[in-house]
Amino acid sequence: MERRREALVGLVVMLGVAVGVVGTIWLQGGLRRDMRELRAASQNVGQLVAGAAVRFRGVSVGHVDAVNVAPDGEAVLVHLSVEPDLVLPADAAVLLAPESMFGDWQAEILSRADFELFSFLDYPEEGVLPAAALPDFSRLTATADQIARRLTTISERFEVAFTEETALNLKNAIDNIGAVSDGLSEIITQQAARFEDLSEGVNASAAELGAAARQARLSFERVDSIIANTQVEGMLGDAGATMSNLRELTESMNASLGDLRSAAQRADTTFARLDELLAAAESGDGSLGRLLGDPTLAEGATEAVQELRALLADIQENPRRYLSFSIF
Amino acid sequence: MSIYLTEVRKAFGPKEVLKGFSMSIEDGETAAIVGPSGIGKSVLLKHVVGLLRPDAGSVVVDGVSVPELDRKGLHRLRRRIGYVFQFAALFDSMSIAENVGMGLRRIPGWDRRRIEDRVEDCLSLVELAGMGDRYPAELSGGQRKRAGLARAIAPEPKFLLYDEPTTGLDPVTTSAIDRLILRMRDELGVTGLVVTHDMTSAFRVADRITLLHDGRARFSGTPAEVKAASDPVLKGFVEGDPDLYYRDGWRREGMHAGGQDHGA
Amino acid sequence: MTNWLLGAFAFVGNRTVSGLQGMGRAWGLFLGATASIRNVDVWLPHLLPQMARVGVASVPIALFIATFTGIVMSLQASYTLTGAIPVYFVGTLVGKTMILELGPVLTALTLAGRVGANISAELGTMRVTEQVDALETLAYDPLAYLVVPRVFAAVFMFPIVVLLAIGIGIASGWFTALQLLDMSSPEFVKGLRLFFEPWDVWFAVIKSVSFGAVVTGVGCYFGLQTERGAEGVGRSATRTVVVASMLILCLDAFWATVLL
Ligand SMILES: Nc1ncnc2c1ncn2[C@@H]1O[C@H](COP(=O)(O)OP(=O)(O)OP(=O)(O)O)[C@@H](O)[C@H]1O
Ligand SMILES: [Mg+2]
């Protein structure tokens, strides 16, 4: 009786402890082997947190141990634990990016030469890998939205002062944007055809882009005639419409681009430029007329457009480089 | 080896049970406390082992003041005291033998065999030999009471407090228990305090009898003195005459036999 | 009017005083029991029987509850997680909630009824039949004899029971996912492992230890406080379940703020 009770208690205790210990080890994914420590430095890390996966050529090879700001405050140091026998490329770099649209961030080890576009941070210490973080899509969308809003505001205030020269400059800029959006829609249509698994959303946005571009084109033609007739008011209305089209375009672009993360990276800087420019235009010294007369506005816009164009050309030439991440 | 109670007072809320009770029991003496039901006899007894603390007055057992003892001191004292509970208070999760052995297991140096032998001896003393394997629920009220007695005497205490050891027993067993109480006194020199309302029993075992009445010791004396006394309350109690006992107008709560109404 | 006010104030005052008194007594019990741990020879022989009573005997009911909790969690998770959220999150939800919350808390609440009420009724009966007094007169420390082995047994066995319950809960959730939700084992396991941290298991263990102490401590407290016969025993058992359950939930919130 007494012995039976002892045995029963012992059995239950052992079972409980076994469930606890074995379960924990199993859920952890087996006993952790001795891992190799790596460090990488980046300007910022987006939403990367300790515990995130580390991948190499798509294979999970470890996890992020810790993320902390470098002692000098100029960078973020990411500590990685990877499998000990992993052979890294000579010019290994780390790209921090979301694993999927769903949002978990991961650290990807890659060869820097294949991804020159990204601004990897070179940390002045031996053994620290350069790293870069992709911009967040939400940030991108927000920026685009801000730009569109500013453009609208500016166009609303157009009537204060308007010279033919400014109009021409602006017309050129807008023309360029129109051309770019055209090109963009074309590429996306091509990509959609090429990568069947891109969702229907992309097709729809491509159509939308096309429509937006056509509308933009229409507006530009109107601008041409307006300038000829100096029908300023009508033109203003059209400019407003164009701006809201552009806003739609950026929105749908951001929504549909999805995995075109590299493109997004470039678009982000472009938008940021445009944004700065417009912010300067808006705040300046209060005289909107003078600002609008300032040719730098148009120049800046043109410059931005040129960058966009370069990006698009690059996407066209090397679609794999940008689309290789597509993990829908 | 003596018990002194001086001016002990105890109240439960507004209800005063003891109102300045005094008595003394000398070494080797067996005293009886008598009184009607609900008067405070069990309460009084619990003061002696420190289960209750007096509101005022002193309780001195074997030269130490019980209310001032800490846990350790109380335990040391209680090892020398055996307490027979009115309702036996047997541990009902244990067999009778285990119950009786409880106090023995606390004695250093006692092994299993010795404990078992002693338990068997004590059970035969109370005429329960061979019943050690039973559980309290399987015994009659009288048997339980005797098992409780066996448990109290097993560790050979120097003091024995009996709370109505013979109530509810047949006359033959009652005599046997009374004889046991006397044996404890005569052979082991135990100082005893017997609470009872059985006067026959009290006259048989007690060197001195105290009547607890209205929270105080109404009368204290040898059995001969009790028999000779003229105090109407004592006489009323001894003879079992409520008219006499309640004559001075004192009434216990819950009882409606008013002495004055009858006496007038 | 003034009478009414006076009554209200008196009520509040009375409750405050009796509440503080209760806390004081509980603190006294705690200190007394802590001091009684020294009397190892008194409580040690009772530890194993109590472990069998508190722990082993509670395993069936705990596993029964965990099984159904796992099934329900699995079904409800799949019902809630539709559309954009990947299906393997059923595994995450079942695992996380079983380990962090439902395993320890549901088990403890059940055992508050099973173990707490049992202890309270047992000690209450011992109190009203003077068995506790009898222990004292036999020079046993009732705290060392009655309270310490029960609390220790629970502190030791609650985590064991909870770990078993968590294991069974996850297993039944898994089984449900396979049989009723058309999920595959790798999917479920992926979800299970996705956010798992060993710390979660420690968290569950710490919680169960505290729940074990609370359930048995409250049971002992109300049991030893029992007055007035059979009715009092019943009242103590009821109070034990109510107070222990409330304390379990408060402690649960406390640990969540302190440890997570
Ligand atoms: N713990 C307690 N709380 C409140 N009142 C109590 C308590 N213990 C005893 N009393 C009261 O004290 C009084 C004396 O009780 P006690 O048990 O000493 O009577 P008794 O003389 O032993 O009676 P009996 O011969 O029936 O055993 C009773 O009225 C009882 O109600
Ligand atoms: Mg009594």
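This one's a predicted model, so the numbers in the text were calculated from it and none came from an experiment.

Asks: How should I be thinking about the sheet that holds strand 4 (residues 76-82) of chain A in this particular structure?
Replies: Residue and element names in this part refer to chain A. Taken in spatial order, the 7 strands line up as 1-4-3-2-6-5-7 and close into a barrel, and their pairing is mixed. Each neighbouring strand pair of the sheet contributes to a mean axis angle of 35°, computed without reference to strand direction. Of the strand pairs in this sheet, strand 2 (residues 53-56) and strand 3 (residues 59-69) are connected by 4 bridges, and their pairing is antiparallel. Residue pairing in the sheet places Arg55 in a bridge with Ser60 of strand 3.

Asks: Got a minute to help me understand unusual backbone geometry in this structure?
Replies: Apart from glycine, the bulk of residues carry a negative phi angle, and the bulk of peptide bonds sit in the trans form. Residues other than glycine seldom take positive phi values, yet B:Ala89 does so here, at roughly 50°. Position of B:Ala89 among the secondary structure elements: in the loop between strand 6 (81-84) and helix 3 (96-101).

Asks: Sorry if this is basic, but what is going on with the nonpolar core here?
Replies: Proteins that are soluble and globular tend to have nonpolar side chains buried together. Residues and elements named next belong to chain B. Grouped together as the largest cluster of nonpolar side chains are 88 residues, with contacts concentrated most on Leu5, Val61, Leu161 and Leu193. The contacts of Leu193, once residues within four sequence positions are left out, are Met23, Ile25, Ala31, Ile33, Leu45, Val48, Leu160, Leu161 and Tyr162. One finds Ile115, Ala150, Ile177 and Ile181 within the second-largest nonpolar core, a separate group that totals 31 residues.

Asks: When you look at a nonpolar patch on the surface in this model, what are you seeing that I'm missing?
Replies: Residue and element names in this part refer to chain A. Together, Val17, Val21, Val22 and Ile25 give the surface a local cluster of nonpolar side chains, amounting to about 300 Å² of exposed area. Tracing the backbone through its elements, the reader meets Ile25 in helix 1 (residues 2-27). In this structure Ile25 comes out as partly exposed when scored by relative accessible area, which is 31%.

Asks: I would appreciate a short explanation of the coordination of the magnesium ion (ligand 2) in the present structure.
Replies: Geometry sets the ideal angles at a metal, namely 109.5 degrees for four tetrahedral donors and 90 or 180 degrees for six octahedral donors. Residues and elements named next belong to chain B. Protein coordination at the magnesium ion (ligand 2): the donors are Ser42 (OG) and Gln86 (OE1), at 1.9 to 2.2 Å from the metal. In this pair, Ser42 sits in helix 1 (residues 41-48) while Gln86 sits in the loop between strand 6 and helix 3, placing the two residues 44 residues apart along the sequence. Of the two residues examined, Ser42 and Gln86, each falls in the buried class.

Asks: Where do I start with a negative patch on the surface in this structure?
Replies: Residue and element names in this part refer to chain B. Together, Asp111, Asp117, Glu120, Asp121 and Asp133 make up a region of like negative charge exposed at the surface. On the secondary structure map, Asp133 appears in the loop between helix 4 (112-125) and helix 5 (141-153). By relative accessible area, Asp133 is classed as exposed at 69%.

Asks: What is the right way to read the confidence of the model for chain C from this model?
Replies: The predicted coordinates ought not to be read in detail in places where the model reports low pLDDT. Residues and elements named next belong to chain C. For chain C, the mean per-residue pLDDT works out to 87, and 98% of the residues sit at or above 70. Averaged pLDDT values over the elements of chain C bottom out at 79 in helix 7 (residues 185-194) and peak at 91 in helix 8 (residues 198-225). What the predictor reports for the complex is a pTM of 0.64 with an ipTM of 0.81.

Asks: How should I be thinking about the packing of helix 3 (residues 59-80) of chain C against helix 4 (residues 89-128) of chain C in this particular structure?
Replies: Packed helix pairs are specified by the crossing angle of their axes together with the interaxial distance, meaning the distance between the axes. All names here are of chain C. The interhelical angle for the contact between helix 3 and helix 4, taken along N-to-C directions, is 145°, at an axis separation of 9 Å. Taken as a pair, helix 3 and helix 4 cross one another with a handedness that is right-handed. Side by side, helix 3 and helix 4 meet where Ile61, Ala62, Ile65, Ala66, Thr69, Gly70, Met73, Ser74, Ala77 and Ser78 of the first sit next to Val90, Leu93, Val94, Thr97, Met98, Leu102, Leu106, Thr107, Thr110, Leu111 and Arg114 of the second. Split by residue class, the contact of helix 3 with helix 4 holds 13 nonpolar, 7 polar and 1 charged.

The rules behind the values
- Residues numbered from 1 in each chain as written.
- Chains lettered and ligands numbered in written order.
- Predicted model: local features only at pLDDT ≥ 70, side-chain atom pairs only at ≥ 80, totals over all residues.
- Heavy atoms only, no water.
- Pairing = 2+ DSSP bridges.
- Helix = DSSP H or I, 4+ residues; strand = E, 2+ residues; numbered from the N terminus.
- Axes fitted to C-alpha atoms, helices over the stretch in contact; angles between N-to-C directions.
- Core = buried A, V, L, I, M, F, W, Y, C linked by side-chain atoms within 4.5 Å.
- Buried < 20%, exposed > 50% of the residue type's maximum accessible area, 1.4 Å probe, protein only.
- Contact = heavy atoms within 4.5 Å.
- Patch = residues over 30% accessible without salt bridge, like charges linked within 9 Å, V, L, I, M, F, W, Y side chains within 5 Å.
- Areas by Shrake-Rupley, 256 points an atom, 1.4 Å probe, with all protein chains shown as cover.
- Salt bridge = Lys/Arg side-chain N within 4 Å of Asp/Glu carboxyl O.
- Donors = N, O, S within 2.8 Å, 3.2 Å for Na, K, Ca; no water.
- Lys, Arg positive; Asp, Glu negative; His and termini not counted.
- Charge placed at Lys NZ, Arg CZ, Asp CG, Glu CD.
- pLDDT = per-residue confidence, 0-100.
- Left-handed = near helix turned anticlockwise from the far one by under 90°.
- Nonpolar A, V, L, I, M, F, W, Y, C, P; charged D, E, K, R; others polar.

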